[in-house]
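# Structure at a glance
What follows is each chain in one-letter form.
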Amino acid sequence: MKATSFIQKQKKKIITAIAALNVAALSVNHVFAAPPGGVDTGAYNGLIDIVFWVATIAIAAGGGIPSLIKLVQGQADEDPRGRNAGIAGLVITGAVIGAAAAVKTLLF
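Let me sum up the structure you'll find in this document. Within each chain, residue numbers correspond to sequence positions counted from 1 in written order. Restriction of local features to residues with pLDDT of at least 70 applies here, the model being predicted, together with a cutoff of 80 or more for giving and counting side-chain atom pairs; totals for whole chains, interfaces and linings are based on all residues. Note: side-chain values were computed over all heavy atoms of the structure, leaving out hydrogens and water.

### Topic: the side chain of Thr 93
The helix count covers DSSP runs of H or I at least four residues long, the strand count covers runs of E at least two residues long, and both are numbered beginning at the N terminus. Tracing the sequence through the fold places Thr 93 in helix H3 (residues 80-107). For every residue, the accessible area obtained with a 1.4 Å probe (protein chains only) is divided by the maximum for its type, and the residue is called buried under 20%, exposed over 50%, and partly exposed between those limits. Owing to a relative accessible area of 10%, Thr 93 belongs among the buried residues under this scheme. Contact between two residues is taken to exist if any of their heavy atoms lie within 4.5 Å; hydrogens are not considered. Among all residues touching Thr 93, those that are not within four sequence positions of it are Ile 59, Ala 60, Gly 63, Gly 64 and Ser 67.

### Some remarks on helix H2 (residues 42-76)
Over its 35 residues, H2 extends 49 Å from the first C-alpha to the last, a length consistent with the 51 Å expected when each residue adds 1.5 Å. A residue's bend is the angle separating two fitted axes: one through the seven residues that end there, the other through the seven that start there. In the structure, H2 departs most strongly from a straight axis at Gly 64, where the bend amounts to approximately 30 degrees and where the proline Pro 66 lies between one and four residues downstream. Burial in H2 covers these residues: Ile 48, Phe 52, Gly 63, Gly 64, Ser 67, Leu 71 and Gly 74. Backbone geometry just after H2 places Glu 78 at a positive phi near 55 degrees. By definition here, a helix of n residues has an expected span of 1.5 Å times n minus one.

### Some remarks on the environment of Gln 73
For Gln 73, the position within the fold is in helix H2. The exposure class of Gln 73 is partly exposed, given its relative accessible area of 46%. For the pair Gln 73 and Arg 83, spaced 10 residues apart in sequence, the C-alpha to C-alpha distance is 7.2 Å.

### Some thoughts on the packing of H2 against H3
Axis separation between H2 and H3 bottoms out at 6 Å; the angle between their running directions is 170 degrees. Overall, the two elements H2 and H3 adopt an arrangement that is roughly antiparallel. Here the contact of H2 with H3 is built from residues that sort into 12 nonpolar, 10 polar and four charged. For helices, the fitted axis covers only the stretch in contact; all axes are lines through C-alpha atoms, and the angles between them, taken along N-to-C directions, range from 0 to 180 degrees. Relative orientations are named as follows: roughly parallel for angles under 35 degrees, roughly antiparallel for angles over 145 degrees, roughly perpendicular for angles from 65 to 115 degrees, and oblique for any other angle. Ten residues, namely Ala, Val, Leu, Ile, Met, Phe, Trp, Tyr, Cys and Pro, are considered nonpolar, four, namely Asp, Glu, Lys and Arg, are considered charged, and the remaining ones, Gly among them, are considered polar.

The structure is reproduced here in structure tokens:
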């Protein structure tokens, strides 16, 4: 019974993440329009770089640090489940950071 509620919680998190990505994708839809001739977009590109650096740092701090703590605690307590949960968290955090870099490359 606990597994079912855990799965439901994870499904809710995934649906929320997909909805957030959908909103983000729809809000940057105007990026594909070409700028008029002679317009300098350097400041805009610099702003996008800063936003993605902040997002990457927030993702790394929000997902990587707790996962690293879980990994170390699991290793110290000789708890393989805790250690594996920490490793999985680090892998997921790395995948999300990679996805953010891919979104930046594809859209901007």
